[in-house]
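# Results of the structural survey
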Amino acid sequence: MCQDCHGDQGQGLTAEWRAVFAPDLQDCWASGCHGEDAPPGSFPIPETGAPALAVPGALPQFSTAFELGTYIQDSMPLAPPGSLTEDQAWELTAYLLAWQQAGDPAITLSGTNSGAIPVHSQVKMPENSLPGTLLLSLVLIIGAAAYSASSKSFQGKKGRGNFFHHLHPATIPADQSRFGYTLGAGGLAVFLCLVLLITGLLETFYYQPHPRGAAESIQMLSVLVPYGDLVRNLHFWAAQLLVIVLMVHLLRIILTGAYAPPRRLNYLIGLFLLVIALLLDFTGYVLRWDEGIRWALVVGTNLLKTVPGIGENLYQFVIGGNEPGPPTLIRFYSWHIYGLSVIFAGFTAWHIFRVRRDGGISAPPPARREAQTRIPRRTLIRKEVLAMLLGGAVLLVLAGLFPAPIDRPLSPNGNLAGDQGAPWFFLWIQETLKLGDPFLWGIAVPLLAVIILGLLPYIVPHPDPSQLGRWLPKGSRAAQIIGAAVIALLFVLTLVGWLS
Amino acid sequence: MTRPANETISRGKFLQICTKITLGLAGLLGMVGLVRYFSHRPQSGPPSTIELGPASDFPINGMLIRLDIPAVIYQTEAGFQGYSLICTHLGCTLEASGEGFSCPCHGSVFDPDGKVIKGPAGEDLAPLEVEITEEGTLLIHTEGGGL
């Protein structure tokens, strides 16, 4: 269309090119091409010439490059609006920012970082956080090696007890602390919770729990705040690993019969903690408030509506209105950092208290223990420090190599671009939901799975006491089969959801 | 534990010191990272220019108080003059009182030309740049606003 007059190189913008036209076509306005009554496919241009790149007062309407870029993509060029590719829109945005002497030329603008870039002021990019992270990891490794060697060779006086020693067991039976028996899962979970607590606290200093600003503030944390990407990635990966570690912990407890009396109550507390951890993961995931969470939020909250009788009230209680909006985000935020976290911390303390009150990590009854050897606190702490170091190293590598996901800020008018799946830890529910009635398959069946696991210590035979303290003790095959089957089913459904 | 006579500290003691040094160093690095983390300053608003209407409508020897800026603008024979109405003590917005301006927070008083009459404020009010465009519109320039 444009090429009819303007040529394939845009020659038509020069007077020389126009001179080759028929005389009555040489005037772009009188001929009608760009006049008041421009034909379809063309558009009027003021006779004073091409308009300014941005008229005065146009750019101040936008505060972030994301707003400007999406406006350009939706409304530009004049004919026809919306015909630019996404890359072209971002390139134009970058040009306008450079023209304004704002932004930073080193940044390649996209939907996932432009929310952090202001239109009117220059940004200062932080230096790469990788060298600092590596240096810290290196110093920690050397420190742990020195600690390990010194605590091994230390034979001097015991030293005065401190508050930490008060919280920590003095000695524990040696055969309770075998890694091959505990898999270190409980201790690792405590470590991950500490990482989550510290990084989560740091995140609250930058996160803005409001729909117009939540995703942007996360982009700011990831792009502009020094070490912000490290903090966020550590929080993300610790949360993902916590789910896996808790499942391993649960499987270990079932397959060693550790839930048997007197530990039945603690088993239920632990199961409750697993459910709360999943809810914490889900609420934290929603706080991204980007296109990636749209459908998980819609499906997850609509599922509540299907609960007979109280569904509608439950839905409104969770999202704070008749549809997801600003009150929803602030509710998820409050549940994530206060409600669920306080419950989780309280029950974790109770869980750990009960471990000691029930006689430590499960082991054979004292009468049946062959060797009554105990390991001193120093040895236990040494093991814990080394486990934490190893866990920390894995976390740092994950956080450094695989950044936590972030998508375009959630736009109020629904677009179908978002990720349509559940977060991975709820993929198993996504798969069961495909089977039929949403209440039955989305709420009743998952609840039933938790209830079956919770009833294991109460309805199926306990392992023979002489068998305790080892894997797959005789006498509780039924519990082992049921527990392993439920967890295997979760695993398979998750895998199916992952692959589809 | 026996140790060679030429050694002054034991192996265990040496390793303990190494542990303390490296862990202290790690703590220090962590603190530096923490300070860097908190060093980010989100963008401050751009300096803003506010239109005050046609300059010809402004009476000579007149005064305009705009609490939304907040500023006071005078026109004298010599031309336009503007002052910020932000108290130089701790930033409250001043109120017109008597001949001048007083601060509702801690009682500082300024005369109409921005001079401190009474503390605790120590500095005079900041003059603001007033400009008349070619079309005759009166503009006032302020720093980027907070809040």
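Remember, predicted model here, so these are calculated numbers, not experimental data.

The next subject is the overall build of chain B. Helix and strand counts for chain B stand at one helix and 10 strands. Helices and strands in chain B line up, N terminus first, as α-β-β-β-β-β-β-β-β-β-β. Burial statistics for chain B: of 147 residues in total, 29% are counted as buried. Excluding contacts between residues fewer than 6 apart, the proportion of contacts in chain B whose partners are at least 24 apart in sequence is 37%. Roughly 9400 Å² of accessible area belongs to chain B as shown, and the carbon and sulfur atoms make up 58% of that amount.

With that settled, consider the packing of helix H8 (residues 185-204) of chain A against helix H15 (residues 377-401) of chain A. Residue and element names in this part refer to chain A. Where H8 meets H15, the closest approach of the two axes is 10 Å, and the angle between their N-to-C directions is 55 degrees. Classed by the angle they form, the pair H8 and H15 counts as oblique. The chirality of how H8 crosses H15 is right-handed. Of the residues in H15, those in contact with Leu188, Phe191, Leu192 and Val195 of H8 are Ala387, Met388, Gly391, Gly392 and Leu395.

Turning to the packing of helix H11 (residues 264-286) of chain A against helix H17 (residues 438-459) of chain A, a few remarks are in order. All names here are of chain A. Contact geometry of H11 with H17 gives a least axis separation of 9 Å together with a crossing angle of 170 degrees. Classed by the angle they form, the pair H11 and H17 counts as roughly antiparallel. Crossing geometry of H11 relative to H17 is assigned as right-handed. Residues Arg264, Leu265, Tyr267, Leu268, Leu271 and Val275 of H11 form the contact with H17, whose own contacting residues are Val450, Leu453, Gly454, Leu456, Pro457 and Tyr458. Residues of the contact of H11 with H17, tallied by class, amount to 10 nonpolar, one polar and one charged.

Residues and elements named next belong to chain A. The omega angle of the peptide bond from Pro261 to Pro262 is 10 degrees, so this bond is cis rather than trans. Along the polypeptide, Pro262 turns up in the loop between helix H10 (228-255) and H11. Even without glycine at this site, Tyr227 takes up a positive phi of about 65 degrees. Its identity is not glycine, yet Trp289 carries a phi of approximately 50 degrees, on the positive side. Topologically, Trp289 is positioned in the loop between H11 and helix H12 (294-305).

All names here are of chain B. Sheet architecture is open: four strands sit in the order S5-S6-S7-S8, paired in antiparallel fashion. Pairing within the sheet leaves two strands with one partner each, and these edge strands are strand S5 (95-97) and strand S8 (116-118). As defined by bridge partners, strand S6 (residues 100-102) adjoins strand S7 (residues 109-110) across two bridges and the pair is classed as antiparallel. Bridged to Ser102 within S7 is Val109.

Once that is clear, we can look at H12(A). All names here are of chain A. Taking 1.5 Å as the rise per residue, H12 with 12 residues should run 16 Å; its terminal C-alpha atoms sit 17 Å apart, in good agreement. Taken residue by residue, H12 has Arg294, Ala296, Leu297, Thr301, Leu303 and Leu304 as its buried positions. For H12, the secondary structure elements touched by its buried residues are H11, helix H13 (311-319), helix H14 (326-357), helix H16 (427-433) and H17.

On to the pattern of salt bridges. Residues and elements named next belong to chain A. Evaluation of the coordinates by the stated rule reveals five salt bridges over all chains. Glu86 serves as the salt-bridge partner of Arg408, at 3.6 Å between the closest nitrogen and oxygen. Taken together, the residues Arg408 in the loop between H15 and H16 and Glu86 in helix H4 (residues 86-99) connect sequence positions 322 residues apart. Under the relative-accessibility criterion, Arg408 is labelled partly exposed at 22%. When its relative accessible area of 37% is taken as the criterion, Glu86 is described as partly exposed. Here Glu431 and Lys434 are joined by a salt bridge, their closest N and O atoms 3.1 Å apart. Note on Glu431: relative accessible area 10%, which makes it buried.

A covalent bond between the sulfur atoms of two cysteines is referred to as a disulfide. All names here are of chain B. Inspection of every chain in the model, using the stated rule, returns one disulfide over all chains. Between the sulfur atoms of Cys92 and its disulfide mate Cys105 the distance is 2.0 Å. Torsion about the S-S bond of the Cys92 and Cys105 cystine: about -100 degrees, corresponding to left-handed handedness. Here the residue Cys92 occupies a position in the loop between strand S4 (79-84) and S5, and Cys105 occupies one in the loop between S6 and S7, the gap between them amounting to 13 residues. With a relative accessible area of 38%, Cys105 lands in the partly exposed category.

Before going further, it helps to examine the pairing of strand S2 (residues 63-66) of chain B. Residues and elements named next belong to chain B. Where S2 meets strand S3 (residues 71-76), four bridges bridge the pair, whose relative direction is antiparallel. Within the sheet, the bridge partner assigned to Leu64 lies in S3 and is Ile73. Connecting S2 to the antiparallel partner S3 that follows it, the hairpin turn spans four residues.

Attention shifts here to the interface of chain A and chain B. Each partner contributes residues to the interface: chain A has 30 residues there, and chain B has 24 residues. Across the chain A/chain B interface, buried area totals approximately 2100 Å², and carbon plus sulfur atoms make up 71% of it. When the buried surface of chain A facing chain B is broken down by residue, A:Val139, A:Tyr206 and A:Pro226 rank first, second and third, together holding 22% of it. Linking chain A with chain B are zero salt bridges, by the criterion used here. Our count for the chain A to chain B interface comes out at four residue pairs in polar contact (both at pLDDT 80 or more). Sorting the residues of the side of chain A that touches chain B by element identifies helix H5 (130-153), H8, helix H9 (214-223) and H10 of chain A as the ones contributing at least two each. Per-element tally for the side of chain A that touches chain B: the top contributor is H5(A), with 11 residues.

Residues and elements named next belong to chain A. Applying the stated rule across the entire model yields 18 aromatic pairs over all chains. When the centroid spacing of 5.6 Å and the interplanar angle of 35 degrees are considered together, the rings of Tyr207 and Tyr333 count as tilted. Residue Tyr207 is found in the loop between H8 and H9, and its partner Tyr333 is found in helix H14; the two are separated by 126 residues along the sequence. Taking the relative accessible area as the measure of exposure, Tyr333 reaches 12% and is therefore buried.

Bringing the environment of B:Glu77 into the picture now. Residues and elements named next belong to chain B. In this structure, Glu77 sits in the loop between S3 and S4. By relative accessible area, Glu77 is classed as exposed at 67%. Considered as a pair, Glu77 and Ile60 are 17 residues apart in the sequence and their alpha carbons are 6.9 Å apart. With residues up to four places along the chain from it excluded, the contact list for Glu77 reads Ile60 and Asn61.

Thresholds, definitions, all that
- Residues numbered from 1 in each chain as written.
- Chains lettered and ligands numbered in written order.
- Predicted model: local features only at pLDDT ≥ 70, side-chain atom pairs only at ≥ 80, totals over all residues.
- Heavy atoms only, no water.
- Helix = DSSP H or I, 4+ residues; strand = E, 2+ residues; numbered from the N terminus.
- Buried < 20%, exposed > 50% of the residue type's maximum accessible area, 1.4 Å probe, protein only.
- Contact = heavy atoms within 4.5 Å.
- Areas by Shrake-Rupley, 256 points an atom, 1.4 Å probe, with all protein chains shown as cover.
- Axes fitted to C-alpha atoms, helices over the stretch in contact; angles between N-to-C directions.
- Parallel < 35°, antiparallel > 145°, perpendicular 65-115°, else oblique.
- Left-handed = near helix turned anticlockwise from the far one by under 90°.
- Nonpolar A, V, L, I, M, F, W, Y, C, P; charged D, E, K, R; others polar.
- Pairing = 2+ DSSP bridges.
- Expected span 1.5 Å × (residues − 1).
- Salt bridge = Lys/Arg side-chain N within 4 Å of Asp/Glu carboxyl O.
- Disulfide = S-S within 2.5 Å.
- Buried area = accessible area lost by both parts, 1.4 Å probe.
- Polar contact = N/O pair within 3.5 Å; in protein donor to acceptor, adjacent residues only side chain to side chain.
- Phe/Tyr/Trp six-rings, centres within 6.5 Å; stacked < 30°, edge-to-face > 60°.

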